[in-house]
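Residues per chain, in single letters:
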Amino acid sequence: MGMLEDRVANRRTFAIIAHPDAGKTTLTEKLLLFGGAIQLAGAVKTRGEQRRARSDWMKVERERGISVASSVMTFDYREKTFNLLDTPGHEDFSEDTYRTLTAVDSAVMVLDGAKGIESQTRKLFEVCRLRDMPITTFINKFDREAQDPFDLLDDIEQTLALDVVPASWPIGMGRNFLGCYDLFNDRLVLVSKGKNNHMDEGITCNGLEDPQLDELLPADAVEKLREDIDMVRGLCPEFEVDAFLEGTMTPVYFGSAINNFGVETLLNGLTETAPSPRFAPSADRNISPLEPKVSGFIFKIQANMDPKHRDRIAFMRLVSGHFKRGAKLKHIRSEKTMNIHNPVLFLAQDRELAEEAWPGDIIGIPNHGNLRIGDALTEGEAIRFTGIPSFAPELLQKVRPVDPMRAKHLGRALVQLAEEGAARTFKTRMGSDWVVGVVGGLQFEVLADRIRTEYDIPVNFEQTELFTARWVEHDDPRELKKFTDANQASLAEDHDEAPVFLARNSWHLERAEKDWPNIKFLKTKEQS
Ligand code: G4P
């Protein structure tokens, strides 16, 4: 096997999806701990309540501070290199999460054993489904009273229309949680008391009739385990790798992340079954990770924390080829060549500047705003990667500088923020007001703060009567002009000067659509 094949086969790039509080942060820490990146564990984020006790927006600020560092966490485990991409926890930042999901090959879905599928789990899952993404499920918090495991499986199956196959099976729960039976490897893994930060040591069994089980577990627990597994085998299909890779079947693990329990079984499972870097869809063809020429796409832009420098880091998912530091890559949108001489490579555990990267890896590229979400960098071929979502803004507010003399500066700041993907910004044709559109309300607060700290422009956001925004298009520019001329009062331009219709209410939008049947009213615009 060549070097490229080998590296690709051993890469696992994934994200964790979860409803807030299910245990994503805790699981992340434990994965890093077992992956040997111990220096990072514990520094991932403030957890749960502690985090939520502060005002929401302080939390966001904190997360932003550490998010470059913890955006991509790389660790090695059993000769595989894992790239774990972090996703923001708060629902208002789901846009970032959705885009991050375009850069991974699979996801681990964490559920709280007492709660099952929750609203945010479902939303995130839907995004994964759009991409047929393989999902591995981890049902957490079995050290507490949880729902019956059969009910949990049923919940996943019914709510997400996904075939479920238990990979491990819990023995008891809450105070009586004794451990799990690893169904894929016939191992009994018991909760060891007081041995934090150690991996579970499993005991290999010769099937469920192995007398070791009777020795190690109380009689009623063994009996229940045998009964349960009998039922599991009767009710659930066999695990099929292909169905998993197509995203229609999920292996389910049980555990208690906080007690390190079940994490090793999960990691072993990911090592064996999680996919290596997949083909990436582009306008013309699917790009194989094994293509020797380097290509990649930008899925996230992170503003630098130093307010004096407006540098940004663009996160590129390497799609194909062997990237070396100093590579000259063509930026397809501008057709300019970029010399990637100081990439931030997250590969090295100690974050030293690494010299190379492979498909599935993430490279951080410092730049001054020329890179945008959705952009492709290649060795020359004009590839246009598809499927990187842009969302219709659902909340629209006007923004004004406290000092009216700073209006021009504000305009420049807003264009930059829009290019970065932090918000949609529109300038109204009449009155030249700036309108900002976001998906989650908290984004306004973050924007106000960023405009103040990074651009030194104190601003106020004001409610508007606006209901939604639609990009308007027509193949014939004259027809489009007719429409825009007739609707001046509701027209604005986005940061790329594309015309946008701002509707006051749903009736206003419906009316415009009816009156102008040949105009396309688009909810989103491809990232360009
Ligand atoms: P999130 O990132 O998905 O929001 O969840 P996070 O890991 O922050 O966990 C949310 C809460 O659940 C935390 O408690 C955490 O300690 C707890 N937790 C995580 N895994 C388990 C588990 O396996 N069993 C139990 N019983 N609890 C678990 P908190 O009180 O909100 O925060 P903290 O004070 O413990 O930091």
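No experiment lies behind these values; they were computed from the predicted model shown.

Calculation criteria
- All residue numbers refer to positions counted from 1 along the written sequence of the respective chain.
- For this predicted model, a pLDDT threshold of at least 70 governs which residues receive local features, and a threshold of 80 or more governs which side-chain atom pairs are given and counted, while totals over whole chains, interfaces and linings are taken from all residues.
- Side-chain metrics rest on all non-hydrogen atoms present in the structure, leaving aside hydrogens and water.
- Helix and strand definitions here come from DSSP, where helices need a minimum of 4 consecutive H or I residues and strands a minimum of 2 consecutive E residues; each element is numbered from the N-terminal end.
- For each residue, the accessible area found with a 1.4 Å probe, counting protein chains only, is set against the maximum for its type, and the residue is called buried under 20%, exposed over 50%, and partly exposed in between.
- In what follows, residue pairs with any heavy atoms lying within 4.5 Å of each other are defined as contacts.
- Per-residue and other accessible areas were derived by the Shrake-Rupley procedure at a 1.4 Å probe size, with only the shown protein chains allowed to occlude residues.
- A 3.5 Å cut-off defines polar contacts: any pair of N or O atoms within that distance qualifies, except that in protein one atom must be a possible hydrogen donor and the other a possible acceptor, and neighbouring residues in sequence count only when both atoms are side-chain atoms.
- The criterion for strand pairing is that DSSP finds at least two bridges linking the strands in question.
- Here an axis means a line fitted to C-alpha atoms, over the contact stretch when the element is a helix, while the angle between two N-to-C directions is reported on a 0 to 180 degree scale.
- Here a patch means residues that are over 30% exposed by relative accessible area and free of salt bridges, tied together within 9 Å if like-charged and within 5 Å if nonpolar (Val, Leu, Ile, Met, Phe, Trp, Tyr).
- Whenever Lys or Arg places a side-chain nitrogen within 4 Å of a carboxyl oxygen from Asp or Glu, that contact is recorded as a salt bridge.
- For the purpose of charge, His is not counted, nor are the chain termini; Lys and Arg are scored as positive and Asp and Glu as negative.
- For the purpose of locating charges, the reference atoms are NZ of Lys, CZ of Arg, CG of Asp and CD of Glu.
- Nonpolar core, defined: a set of buried Ala, Val, Leu, Ile, Met, Phe, Trp, Tyr and Cys residues in which side-chain atoms within 4.5 Å join the residues together.
- Ring pairs are drawn from Phe, Tyr and Trp, using the six-membered ring of Trp, whenever the two centres fall within 6.5 Å, and their geometry is named by plane angle: stacked under 30 degrees, edge-to-face over 60, tilted for the rest.
- What a helix should span is 1.5 Å times the count of its residues minus one.
- Here, two cysteine sulfur atoms that lie within 2.5 Å of each other are counted as a disulfide.
- Under this scheme an angle from 65 to 115 degrees is roughly perpendicular, one under 35 degrees roughly parallel, and one over 145 degrees roughly antiparallel; angles in between are oblique.
- Amino acids are sorted into nonpolar (Ala, Val, Leu, Ile, Met, Phe, Trp, Tyr, Cys and Pro), charged (Asp, Glu, Lys and Arg) and polar (every other residue, Gly among them).

1. Some remarks on the overall build of the chain
Across its full length, the chain carries 15 helices and 30 strands. Counting over 528 residues, the chain shows a buried share of 55%. Counting contacts in the chain only where the partners sit at least 6 residues apart, residues at least 24 apart contribute 71% of the total. Accessible area for the chain stands at about 23300 Å²; split by element, carbon and sulfur atoms hold 49% of it.

2. Some remarks on the side chain of R372
Here R372 shows up in the loop between β21 (362–367) and β22 (376–378). Of the polar contacts made by the side chain of R372, one reaches the side chain of E419; its length is 3.3 Å.

3. Side note on the sheet that holds strand β10 (residues 202–204)
Hydrogen bonds between backbone groups are what pair the strands of a sheet, and the pairing can be parallel or antiparallel. Sheet architecture is open: 4 strands sit in the order β7-β8-β9-β10, paired in antiparallel fashion. One side of each edge strand has no neighbouring strand; the edge strands of this open sheet are β7 (168–171) and β10. Averaged over all neighbouring strand pairs, the angle between strand axes comes to 25°, with direction disregarded. The sheet contact formed by β7 and strand β8 (residues 179–182) spans 4 bridges and is antiparallel. What sits directly across from I171, in β8, is G179.

4. Focus on a negative patch on the surface
Judged by side-chain charge, D132, D148, D151, D154, E157, D163, E238, E240, D242 and E246 come together as a negatively charged surface patch. No other element matches helix α7 (residues 149–160), which puts 3 residues into the negative patch. Relative accessible area serves as the criterion here: at 35%, D163 is assigned to the partly exposed category.

5. Some remarks on the side chain of D112
Of note, D112 is situated in strand β4 (residues 106–112). Look at D112 and you get buried, because its relative accessible area is 5%. Reaching out from D112, the side chain makes a polar contact with the side chain of K141 at a distance of 3.4 Å. When residues no more than four places from it in sequence are discounted, the contact partners of D112 are D21, A22, E118, N140 and K141.

6. Some words on the nonpolar core
Core analysis: the biggest nonpolar cluster contains 81 residues, and L101, I156, W169, F254, F323, L377 and F385 have the highest contact counts within it. Among the elements that line this core, the one with the most residues is strand β15 (residues 312–320), at 6 residues. If we skip the residues at most four places from it in the chain, W169 touches P149, F150, L153, G179, C180, Y181, L183, L225, D228, I229, V232 and F254. Counting residues in hydrophobic clusters, the runner-up holds 25 residues, among them F14, L32, Y253 and L270.

7. A few points about the pattern of salt bridges
Inspection of every chain in the model, using the stated rule, returns 25 salt bridges. The residue K398 makes a salt bridge to D433 at a minimum N-O spacing of 3.4 Å. Residue K398 is located in strand β23 (residues 395–401), and its partner D433 is located in the loop between β24 (424–428) and β25 (434–438); the two are separated by 35 residues in the primary sequence. Given the relative accessible area of 18%, D433 is considered buried. The partner of D485 in a salt bridge is K481, and the shortest N-O contact between them spans 2.8 Å. Pair noted here: D485 and K481 are both in helix α14 (residues 477–486), with a separation of 4 residues, about one helical turn. Taking relative accessible area as the criterion, D485 reaches 39% and is therefore assigned partly exposed. Look at K481 and you get partly exposed, because its relative accessible area is 49%. One continuous salt-bridge network, built from bridges that share partners, spans K398, R400, D433 and E462.

8. Thoughts on the packing of aromatic side chains
Two measures describe an aromatic ring pair: the distance that separates the ring centres and the angle between the ring planes. Scanning the entire structure with this criterion turns up 17 aromatic pairs. Taking 5.6 Å as the distance between ring centres and 70° as the angle between the ring planes, the aromatic pair formed by W169 and F254 counts as edge-to-face. Here W169, found in strand β7, pairs with F254, found in strand β11 (residues 249–254); they are 85 residues apart in sequence, far enough to count as distant. Side by side, W169 and F254 carry an identical accessibility label, which is buried. Here the aromatic rings of F483 and F501 are separated by 5.8 Å at their centres, their planes lie at 55°, and the arrangement is tilted. Separated by 18 residues along the polypeptide, F483 in helix α14 and F501 in strand β29 (residues 499–503) bring together distant segments of the chain. For F483, a relative accessible area of 0% puts it in the buried group. Every member of this aromatic cluster is reached through a ring pair, and the members are F142, F150, W169, F177, F254 and F261.

9. Some words on helix α13 (residues 442–455)
Each turn of an α-helix holds 3.6 residues, which means side chains three or four residues apart point in the same direction. Relative to the 20 Å expected for 14 residues at 1.5 Å per residue, α13 spans 19 Å between its end C-alpha atoms, a close match to the ideal helical length. Among the 14 residues in α13, 10 count as buried, and that is most of the element. Positive phi shows up at D456, right after α13, with a value of about 60°.

10. Some words on the environment of F184
For F184, the location among the structural elements is in the loop between β8 and β9 (187–190). In this view, F184 contacts V165, P166, A167, F239, P251 and Y253; residues no more than four positions away in its chain are not counted.

11. Some remarks on the state of the cysteines
Counted under the stated rule, the structure contains 0 disulfides. Among the cysteines around C205, which has no disulfide bond, C180 carries the closest sulfur, lying 13 Å off. On the accessibility criterion, C205 (7% relative accessible area) is buried.

12. Concerning the sheet that holds strand β14 (residues 295–303)
Taken together, 7 strands build an open sheet; the order of strands is β18-β17-β22-β14-β15-β21-β19 and the sheet is antiparallel. At either margin of the open sheet sits one strand with a lone partner, and together these are β18 (336–340) and β19 (344–345). Bridge analysis of β15 against β21 gives 6 bridges, and the strand direction is antiparallel. For M316, the partnering residue across the bridge sits in β21 and is I363.

13. Comments concerning the packing of helix α2 (residues 24–34) against helix α11 (residues 263–273)
Contact pair α2 / α11: the axes reach a minimum separation of 10 Å and the direction vectors enclose 70°. Comparing the axis directions of α2 and α11 gives the class roughly perpendicular. Where α2 abuts α11, its residues L27, K30, L31 and F34 lie against V263, E264, L266 and L267. For the contact of α2 with α11, the class distribution of residues is 6 nonpolar, no polar and 2 charged.

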